[in-house]
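Results of the structural survey
One letter stands for each residue in the lines below.
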Amino acid sequence: MFRKLYGSIYTFAKRNSDGLFYATVAGGLVTFYAVNKDSFAPDKKPHYAFSLFSSSDIELNDCLTNTITPEDELKSKKDVMKCRMEAFITNLQGKIIKKLQTFEPEQKFVVDRWMREEGGGGITCIIQDGQVFERGAVNISVVNGTLPKKAVAEMRARGKKTIPADKDLPFFACGISSVIHPRNPYVPTVHFNYRYFEVEVAPGKFEWWFGGGTDLTPYYLDEEDVKHFHKTLKNACDKHDKSFYGRFKKWCDNYFVIEHRKECRGVGGIFFDDIDQPDQNKVFEFVKSCGNSVLPGYIPIVEKNMTKGYGLKEREWQLLRRGRYVEFNLVYDRGTKFGLFTPGAKIESILVSLPLTAVNFIKKISTKLVHFFVSEMVVQT
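About the cut-offs
- Residues numbered from 1 in each chain as written.
- Predicted model: local features only at pLDDT ≥ 70, side-chain atom pairs only at ≥ 80, totals over all residues.
- Heavy atoms only, no water.
- Helix = DSSP H or I, 4+ residues; strand = E, 2+ residues; numbered from the N terminus.
- Buried < 20%, exposed > 50% of the residue type's maximum accessible area, 1.4 Å probe, protein only.
- Contact = heavy atoms within 4.5 Å.
- Areas by Shrake-Rupley, 256 points an atom, 1.4 Å probe, with all protein chains shown as cover.
- Disulfide = S-S within 2.5 Å.
- Expected span 1.5 Å × (residues − 1).
- Axes fitted to C-alpha atoms, helices over the stretch in contact; angles between N-to-C directions.
- Parallel < 35°, antiparallel > 145°, perpendicular 65-115°, else oblique.
- Core = buried A, V, L, I, M, F, W, Y, C linked by side-chain atoms within 4.5 Å.
- Pairing = 2+ DSSP bridges.
- Phe/Tyr/Trp six-rings, centres within 6.5 Å; stacked < 30°, edge-to-face > 60°.

What to know about the overall build of the protein
A tally of helices and strands in the protein yields ten helices and 13 strands. Here the protein holds 381 residues, and the buried ones make up 54% of them. The long-range share in the protein, meaning contacts at least 24 apart out of those at least 6 apart in sequence, stands at 67%. Of the roughly 17500 Å² of accessible surface on the protein, a fraction of 55% belongs to carbon and sulfur atoms.

Below, the structure written as structure tokens:
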């Protein structure tokens, strides 16, 4: 039944003549949106779409360009998890890009929608040499095909023994991944990744799971910022299970370790992988809460610190810590390794997590910020 007409809402938003705009009519039932890409991509081609949604899961008001899976297919399969997850990450990407763009009046995020010959594609959104963000990317990928044997071996090594090792297995994977490297050393780097994966292990039989997390890497420690960041994540977790924050914070602390240096990468956050309990819908709702907590957890920290003064000493320390960031991503990060193992992957999109500039000084430096455990700092609720 159509929603009550007296509850109809009309929203119009426009960002200049070369920006983004959309209109929502009848309480969100009918949506017309356009993306004028003059600000974002070299082709400068506008995209238009008209949607009639019957499910709150399929929301695309904020997406920056056409979805990878045709929009009518996402709508017609609104109860299928891979469609729900794709719609969520595509819309979340747009929300985050639009917010980050408000800090950069001159430098624009460039949007690259690409397709993969083996199946699927992605949307890469990147900014470089901005006033606030030296380099940042918010990417989504929606890929399908045959699971590479190296990827199968990696999954089985971490406990997915039900996935056959001797077969070519159809798979589907979609996710959103982002790393934001700020210019000011007093603004931390933030990373987040949320993904859904399914493998057809036998005709009509699927293994599925979710993974992801959000973590913070400061260069100069501000305890109030760390408290705020972790508190936001804890609130997102507590909506679903009071044990999640403690479990996934510990997992994050153990995961983001640069083993060859015996250092941790930052001040942690949450991290989880291979989550398939208690059921698909509940895990999806949890992942949505985590994804939606990124902006409220990070933006106040950016606003607080982005205009602080700094000099060469602070810049050198920032570049040293970024060198550590590069080491972890290239040697240990699961997402990087899976992406590089996947045939037809867009290598440039996989490696956008790397900072624009980093160094590795060949001299002894006292690493005062090796890791900072915040379990006792976060206010319990």
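A look at the state of the cysteines
For the structure shown, the criterion picks out zero disulfides. Between Cys174, a free cysteine, and Cys83, which holds the nearest cysteine sulfur, the sulfur-to-sulfur gap is 9.1 Å.

Brief notes about helix 7 (residues 294–305)
Over its twelve residues, helix 7 runs 17 Å from end to end, which matches the ideal 16 Å to within 8%, given 1.5 Å per residue. Listing the buried residues of helix 7 in full gives Val294, Gly297, Tyr298, Ile299, Ile301, Val302 and Asn305.

Details of the packing of helix 4 (residues 223–238) against helix 5 (residues 244–255)
Two numbers describe how helix 4 lies on helix 5: the axes approach to 8 Å, and their chain directions differ by 130°. Relative to helix 5, the element helix 4 lies oblique. Contact residues: His230, Leu233, Lys234 and Cys237 in helix 4; Phe244, Tyr245 and Lys249 in helix 5.

What to know about the nonpolar core
One broad rule of soluble globular proteins: the nonpolar side chains tend to lie buried together. With 54 residues, the main nonpolar core has Met85, Phe210, Ile270 and Phe272 as its most contacted residues. Tallying contributions element by element places helix 2 (residues 81–101) first for this core, with eight residues. Leave out the neighbours within four places in its chain, and Met85 touches Cys174, Tyr194, Arg195, Tyr196, Phe210, Phe284 and Val287. Residues Leu147, Ala151, Val152 and Phe171 belong to the second largest nonpolar core, which totals 13 residues.

A short note on unusual backbone geometry
Backbone torsion omega between Gln277 and Pro278 reads 5°, so that peptide bond is classified as cis. Positive phi is not limited to glycine here, since Asp129 has a value of about 60°. Relative to the helices and strands, Asp129 is located in the loop between strand 6 (120–128) and strand 7 (133–146).

Some remarks on the sheet that holds strand 7
Pairing in this open sheet of seven strands is antiparallel, and the strands run 5-6-7-8-9-10-13 from one edge to the other. Two strands lie at the open edges of the sheet, namely strand 5 (110–115) and strand 13 (269–275), each paired on one side alone. The sheet shows a mean angle of 10° between the axes of neighbouring strands, taken without regard to direction. Inspection of the sheet shows strand 7 paired to strand 8 (residues 170–182) by 13 bridges, in the antiparallel sense. What sits directly across from Arg135, in strand 8, is His181. Here helix 8 (residues 312–331) sits on the sheet and contacts strand 7, strand 8, strand 9 (189–202) and strand 10 (205–217); the angle it forms with strand 8, its principal contact strand, is near 165°.

Side note on the packing of aromatic side chains
Considering all chains together, one arrives at 19 aromatic pairs under this definition. Here Phe248 and Phe286 contribute two aromatic rings whose centre-to-centre distance is 5.8 Å and whose plane-to-plane angle is 40°, an arrangement assigned as tilted. Separated by 38 residues along the polypeptide, Phe248 in helix 5 and Phe286 in helix 6 (residues 280–292) bring together distant segments of the chain. Of the two residues, Phe248 and Phe286, neither departs from the other in class, the shared state being buried. Measuring from ring centre to ring centre gives 5.8 Å for Trp251 and Phe271, while their planes differ by 85°; the resulting arrangement is edge-to-face. Taken as a pair, Trp251 in helix 5 and Phe271 in strand 13 lie far apart in primary sequence, 20 residues in all.

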